[in-house]
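# Breakdown of the fold
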Amino acid sequence: MNTQTPESAGIVDPSAVLDERFKDAISSVLPDLPREQIQTHITPSRQPKFGDFQSNCAMPLAKRFQMQPRELAAKIASAIDVSGIAEPIDESSIAGPGFINITLLPSAISDALGTLDTPELGIIAPDAPPTVVVDLCGVNLAKQMHVGHLRSTVIGDAIARLYERLGYKVVRQSHVGDWGLPIAMVVQKLIEMEADGLDLNLVTLSQLNGMYKKAQAQCKPETRAVQILEKVGGHPKAMAELELRIENASEHLERAKARLVALQSGDEESVRVWQRIYDITMGACLHTCQRLHANVTDEHSAGESTYRDELGSVVQDLIDRNIAEEDDGALIVKCDGIKEPTIIRKRDGGYLYATTDMAAIRRRVQKLGGDILVYCVDSRQSLHFKQVFAAAHKAGYTATSDGHSANLVHAMFGSVMGEDGKPLKSRSGENLNLSDLLDEAVSRAAATLSERNPDIGGDERHQIAESIAMAAVKYADLSIERIKDYVFSFDRMLAFEGDTGPYLLYALVRIRSIFRKAEESGIDTSGIESAPFDLRDPAEKALALKLLRYPGTVEGAGLNHEPNRLCAFAYELASSFSSFFDQCPVLKNDDDALRRSRLRLCQLTGRVLEDALHTLGIPTVERM
Ligand code: ARG
């Protein structure tokens, strides 16, 4: 599988080249040290008079090989070849206990920046782009989206966008939970309620959510309670009440099971009510996705119900080829290295979540042409995915048309916690409804905005507040390593300072306003995109070197399914820009060539920042 690298795109990141050249030199001085263990410890110089970078590699290596650090540094210095990248390194480059000082050639950075400053920003699509299927969102019928779906939607969409940015073919799939007994329970409940006069056309998702819970509760026998009462000797009246409830529950359950059979066989009334539930849920869900600037639409929905006619053939196929075996009446697939077998058919003949996911893998590889299948799903489902991935490999469902095996990845994420350190819940202890949460973020953003910038009013304020809020919520979710849990804090994520979405939006607004101001003061910015770079100040060099990391960062974030890497980059870029802007006069510079060089640097920073935010799915604003 071919992927492009910054180098193949013609970009020479001097920092990356330095790193390689240092590794070469260390290898030649210490031939016993395996290359993958070499750490070059190259950091920006603390004092510009010592150059741009220093390598602190000699001290730990000297300790390990029991050598004198300055002597080792001198050996590395004489072995290194930095031609085309830095000023020659020799004994005079060594300072203190063995630091090696490095001064980059100004032309090395300017030339590299010139190659970055293209429409693609150094990111070149592979010649034969692989297809990536991204499993994201995955809401459940008759339930409102909660914060867990925030993560599967926002992170999943960012992973999809990263692959798109790298030039891969991307297919999004929302594995909507729209089939099975729990859904049949609500269908049954609604049909009963319709008979009592309910108008299905007026039902909202939040009402549906309530009916879903009631239907579930009605079908749940309280056998445990009876056992306990029997043990401790409950009051006969309480016992009688409970027994009645259990009887009712099993009646409800029987009706739901019958409803499932009717639904599966296409019974008109069942399908009509199911469709209504589907439309209510998806209407609200897709609206929230749109609000979140997540590219999840109707065409991406591939619910469990769409596999219903494939489950039988999957199971039969697994039996025919001896992949599955009987176990105490159930049908299971055993896989090496996984203790718990994958159950694909229950004793009562019913199919399971895993059966559907087997069918989904087969469809995604064989019909959709997936070379890579990424599942952006909660880490609590990690055993499930281990099992179905292994079972699908065993069954050969991951074989691509060109004879490879598709790569299956569970890009799992942790939980969203409240400030009390427990999973985020509403005051009444319910799962927090996502759209309520977004509404609150918007009203808080609007309040901050009117305080900071009272000139922005009415509709515009509302629109900007909406974008700021979405940027804040999304950035807070994306910037954390996805495996980790994180604490949801409106105050922190909505702050205009620090590692936040609003800070990044503000950085972009500031860059855009430089060009507005230039125009106002009659400074000619035409042709700025080809102005020669003149990088003198350490702050502008630092900004330039940061920019050069962009293509490599997008690639690393995409191929490792870690949008947080791109978030960290965007934040560092905005911070570098801010130091540059404090230290290097741009518009107030009398040196015309230097001003044009700096304006070009501003423009390139703006383009890279905008591209990074777009790749993360974070909306931007013109002013705030
Ligand atoms: N509907 C599931 C849930 O809410 C998520 C679906 C994940 N995707 C999958 N292919 N199993 O837990």
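As a starting point, this report considers the structure included with it. (Residues numbered from 1 in each chain as written. Predicted model: local features only at pLDDT ≥ 70, side-chain atom pairs only at ≥ 80, totals over all residues. Heavy atoms only, no water.)

## Details of the overall build of the chain
The test is simple: Note on conventions: DSSP H or I runs of at least 4 residues are helices, E runs of at least 2 residues are strands, and numbering of each starts at the N terminus. Partly exposed residues are those whose accessible area sits between 20% and 50% of the maximum for their type, while under 20% is buried and over 50% is exposed, using a 1.4 Å probe and protein chains only. Every residue pair with non-hydrogen atoms within 4.5 Å of one another is taken to be in contact. Per-residue accessibility takes into account occlusion by the displayed protein chains alone, with areas from the Shrake-Rupley method and a 1.4 Å probe. Lys and Arg are tallied as positive, Asp and Glu as negative. Neither His nor the chain termini are counted. Charge placement uses NZ in Lys and CZ in Arg. For Asp and Glu, CG and CD serve respectively.
Across its full length, the chain carries 21 helices and 13 strands. Overall, the C-alpha framework of the chain stretches about 95 × 65 × 50 Å when taken along its three principal axes. The proportion of buried residues among the 624 residues of the chain is 51%. A sequence separation of at least 24 residues applies to 75% of the contacts in the chain between residues at least 6 apart. Here the chain displays about 28900 Å² of accessible surface, and carbon together with sulfur accounts for 49% of that area. Here the chain holds 69 positive side-chain charges and 88 negative ones, and the gap between their average locations is 4 Å.

## Regarding the pattern of salt bridges
Operational definition: Just to be clear on terms, a salt bridge is a Lys or Arg side-chain nitrogen sitting within 4 Å of an Asp or Glu carboxyl oxygen.
Scanning the entire structure with this criterion turns up 37 salt bridges. For Asp-117, the salt bridge is made with Arg-607, and the minimal N-O distance between the two is 2.7 Å. Taken together, the residues Asp-117 in the loop between helix H4 (106-116) and strand E5 (131-135) and Arg-607 in helix H21 (residues 592-616) connect sequence positions 490 residues apart. Under the relative-accessibility criterion, Asp-117 is labelled buried at 13%. A salt bridge links Arg-598 to Glu-540; the shortest N-O distance between them is 3.0 Å. With a gap of 58 residues between them, Arg-598 in helix H21 and Glu-540 in helix H18 (residues 538-548) connect regions that are remote in the sequence. Each member of the salt-bridge network shares a partner with another, and the members are Asp-157, Arg-161, Glu-164 and Arg-172.

## Re empty space enclosed by the protein
As a reminder, the rule being used: A cavity here means a set of 1 Å grid points, computed over protein atoms only, where a 1.4 Å probe fits but cannot escape. A pocket is an open set with protein on both sides within 12 Å along at least 5 of 7 lines, and lining residues have an atom within 4 Å of a point. Grid points are joined across faces, edges and corners, and a volume is the space filled by probe spheres set on the points. Gly falls in the polar group here, along with every residue not listed as nonpolar (Ala, Val, Leu, Ile, Met, Phe, Trp, Tyr, Cys, Pro) or charged (Asp, Glu, Lys, Arg).
Following the criterion strictly, the structure yields one cavity of 30 Å³ or more and no others. Lining the largest cavity are Met-185, Gln-188, Lys-189, Glu-192, Ala-215, Gln-218, Cys-219, His-252, Arg-255 and Ala-256. Class assignment of the residues belonging to the lining of the largest cavity gives a composition of four nonpolar, three polar and three charged.

## Some remarks on the pairing of strand E8 (residues 330-333)
Spelled out, the test is: The pairing criterion for strands is at least two bridges between them, as found by DSSP.
Here E8 shows two buried faces, one formed by Ala-330 and Ile-332 and the other by Leu-331 and Val-333. Of the pairings in the sheet, the one linking strand E7 (residues 325-327) to E8 comprises three bridges and is antiparallel in character. Paired with Glu-325 across the two strands is Ile-332, which belongs to E8. What sits between E7 and E8 in their antiparallel hairpin is a turn of two residues, with Asp-328 showing a positive phi close to 50°.

As far as function goes, none of this settles anything; it's purely spatial.
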